[in-house]
Amino acid sequence: MTLNQLRAFVEAERLGSFTAAAQALDMAQASASELVRRLESELDAELFVRGSRTLTLTSAGQELLPYAQQSVEAADHGTRAVRSLGSLGGGTATFGVLRNADYYLLSNLVQLFHARYPSVRVRLVGQNSAETAAAVAAGRIEAGLVVLPIDDEGLSVTPLLRDEVYYVSADEERTRTPVTIEAFSRAPLVLYDAHYGWQDPTRRQIAERAQLAGVGVDPLIELEHVEAALKLVAAGVGDTIASRAVVAGPAFPAGLHTASFDEPLYDTIALVRRRGHPLSRATRELARIAEDTLREIGAELRYT
């Protein structure tokens, strides 16, 4: 069994005829037909019912098809990976980043990568971690950065940075002592990531704690961005949560106060990729730069 035989079989099934398969593979029709015939001879099974107009898979062909497709796809990925080694003179890097990427200096990621590899196209997708994880698992993007926990079926997860999440209020009295989940549930809350709600990883941690404590958390206001939530908190509308990177950022409003939770709450940022699917060279290099950046930020946060 050869790769060329499998490729001819896959293309014939996809296009419905040996003639169309031969055109796609840039070979003579007789050659494509002969490759499949040899494959059938080796397997001692007919793979197609040869009709007058189109090819139809037999039961043996249906059994073989997914394995043949995987073999061809793996070979194609390997070829592209090898050809991209060295100069990174082309290709596309696809990568998911955090919605609050700027607070972790990830806004410089593209600039740094482009300076090193100006011929590589870059596609960065900024979205909630739940959506990033789903997009990587589905193969819509190659890899990405997420906040844990996520649904990790089919994913390889590499934790990179742990950042404490604080309770934030304009009322200093509410931040004098660590905040319990019971006190949190009673507070007037302004929470962000409204679209994903309790699917958001940070909120999932809060919901689990509330469930164990037998209380409910019902926000007064929900909106999309942490910056908007902080503005409402500064205006005295309610309280919110924010990671240490956000609290330490230059845009954090003056006059706000923070407190840890009585059981400290953390955002763990991780790199995710599809398990068993190697990254393209371009995306692998982009992921490496992102990892290095986050590890440096993590070191800074530990010592500030």
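Residues numbered from 1 in each chain as written. Predicted model: local features only at pLDDT ≥ 70, side-chain atom pairs only at ≥ 80, totals over all residues. Heavy atoms only, no water.

Visitor: Teacher, can you tell me more about the overall build of the protein here?
Guide: Helices and strands together make up the secondary structure of the protein, namely eleven helices and eleven strands. The globule rule puts the C-alpha radius of gyration for 304 residues at 19 Å, and the 26 Å found for the protein is more than 25% above it. Counting every position in the protein, which comprises 304 residues, the buried fraction comes to 43%. Sequence separation of at least 24 residues holds for 74% of the intrachain contacts in the protein that already meet a minimum separation of 6. (Helix = DSSP H or I, 4+ residues; strand = E, 2+ residues; numbered from the N terminus. Rg over C-alpha atoms; globule rule 2.2 N^0.38 Å. Buried < 20%, exposed > 50% of the residue type's maximum accessible area, 1.4 Å probe, protein only. Contact = heavy atoms within 4.5 Å.)

Visitor: Can you walk me through helix H8 (residues 201-213) in this structure?
Guide: An α-helix turns once every 3.6 residues. As a result, residues three or four positions apart point the same way. Helix length check: H8, at 13 residues, gives a terminal C-alpha distance of 19 Å against a target of 18 Å (1.5 Å per residue), a fit within 8%. Residues of H8 that are buried include every one of Pro201, Thr202, Arg203, Gln205, Ile206, Arg209 and Ala210, and no others. The distance from a side-chain oxygen at the start of H8 to the backbone nitrogen of Thr202 is 3.2 Å, and the residue carrying that oxygen is Asp200. Once H8 finishes, Gly214 follows within two positions and takes phi at roughly 75°, a positive value. (Expected span 1.5 Å × (residues − 1). Polar contact = N/O pair within 3.5 Å; in protein donor to acceptor, adjacent residues only side chain to side chain.)

Visitor: Would you take a moment to explain the nonpolar core for this structure?
Guide: Nonpolar side chains in soluble globular proteins tend to end up buried together. Counting residues in hydrophobic clusters, the biggest one holds 55 residues, and the most contacted among them are Phe95, Tyr104, Leu145, Phe184, Ile241 and Leu294. A total of seven residues in this core trace back to one element, the largest contributor, which is helix H11 (residues 281-302). With sequence-adjacent residues up to four places away left out, Phe95 is seen in contact with Leu109, Arg123, Leu124, Val125, Ala143, Gly144, Leu145, Leu271, Thr283, Leu286, Ala287 and Ala290. Listed in part, the 18 residues of the second largest apolar core include Ala21, Leu47, Leu64 and Ala68. (Core = buried A, V, L, I, M, F, W, Y, C linked by side-chain atoms within 4.5 Å.)

Visitor: I'm lost on the pattern of salt bridges in this one. Help?
Guide: Should their charged atoms come close, side chains of opposite charge can pair. Evaluation of the coordinates by the stated rule reveals 13 salt bridges. In this structure, the salt-bridge partner of Glu11 is Arg14, at a minimum N-O distance of 2.7 Å. Of the two residues, Glu11 and Arg14 are both situated in helix H1 (residues 3-15); the distance of three residues between them amounts to about one turn of the helix. Judged by its relative accessible area of 53%, Arg14 falls in the exposed class. Of the charged contacts, one joins Glu173 and Arg176 as a salt bridge, the two residues approaching to 2.8 Å between their closest N and O atoms. (Salt bridge = Lys/Arg side-chain N within 4 Å of Asp/Glu carboxyl O.)

Visitor: How should I be thinking about the packing of helix H2 (residues 18-25) against helix H3 (residues 29-43) in this particular structure?
Guide: Working note: a packed helix pair is described by the angle between its axes plus the distance between those axes. In the contact formed by H2 and H3, the axes pass within 8 Å of each other and the chain directions differ by 105°. Here H2 is positioned roughly perpendicular relative to H3, judged by the angle of their axes. Note on element contacts: H3 touches H2 through Gln29, Ala32, Ser33 and Val36, opposite Phe18, Thr19 and Ala22. Looking at the contact of H2 with H3 residue by residue, the classes come out as four nonpolar, three polar and no charged. (Axes fitted to C-alpha atoms, helices over the stretch in contact; angles between N-to-C directions. Parallel < 35°, antiparallel > 145°, perpendicular 65-115°, else oblique. Nonpolar A, V, L, I, M, F, W, Y, C, P; charged D, E, K, R; others polar.)

Visitor: When you look at the side chain of Thr175 in this model, what are you seeing that I'm missing?
Guide: Turning to its location among the elements, Thr175 is positioned in the loop between strand S6 (155-169) and helix H7 (181-186). The exposure class assigned to Thr175 is buried, which follows from its relative accessible area of 11%.

Visitor: I tried to follow the packing of aromatic side chains on my own but got confused; where do I start?
Guide: The description of an aromatic ring pair rests on the distance of the ring centres and on the angle between the ring planes. One pass over the structure, following the stated rule, counts five aromatic pairs. Aromatic pair Tyr167 and Phe184: ring centres 6.0 Å apart, planes at 75°, arrangement edge-to-face. Placement of Tyr167 in strand S6 and of Phe184 in helix H7 is noted, with a sequence separation of 17 residues between them. Residues Tyr167 and Phe184 agree in their burial class; the two are buried. Put simply, the rings of Phe9, Phe18 and Phe48 touch in pairs and so form one group of aromatic residues. The aromatic ring of Tyr266 is capped on one face by Arg162, whose charged end is 3.8 Å from the ring centroid. Over the ring of Trp198 we find Arg203, and its NZ or CZ is 4.9 Å from the ring centre. (Phe/Tyr/Trp six-rings, centres within 6.5 Å; stacked < 30°, edge-to-face > 60°. Lys NZ or Arg CZ within 6 Å of the ring centre and 35° of its normal.)

Visitor: Just to check I follow, could you spell out the packing of H1 against H2 for this structure?
Guide: The contact between H1 and H2 brings their axes to 8 Å, and the two run at 120°. Judged by the angle between their axes, H1 and H2 are oblique. Two packed elements cross with a definite hand, and for H1 against H2 that hand is right-handed. Taken together, the residues of H2 that come into contact with H1 (itself represented by Arg7, Ala8, Glu11, Ala12, Arg14 and Leu15) are Phe18, Ala20, Ala21, Ala24 and Leu25. (Left-handed = near helix turned anticlockwise from the far one by under 90°.)

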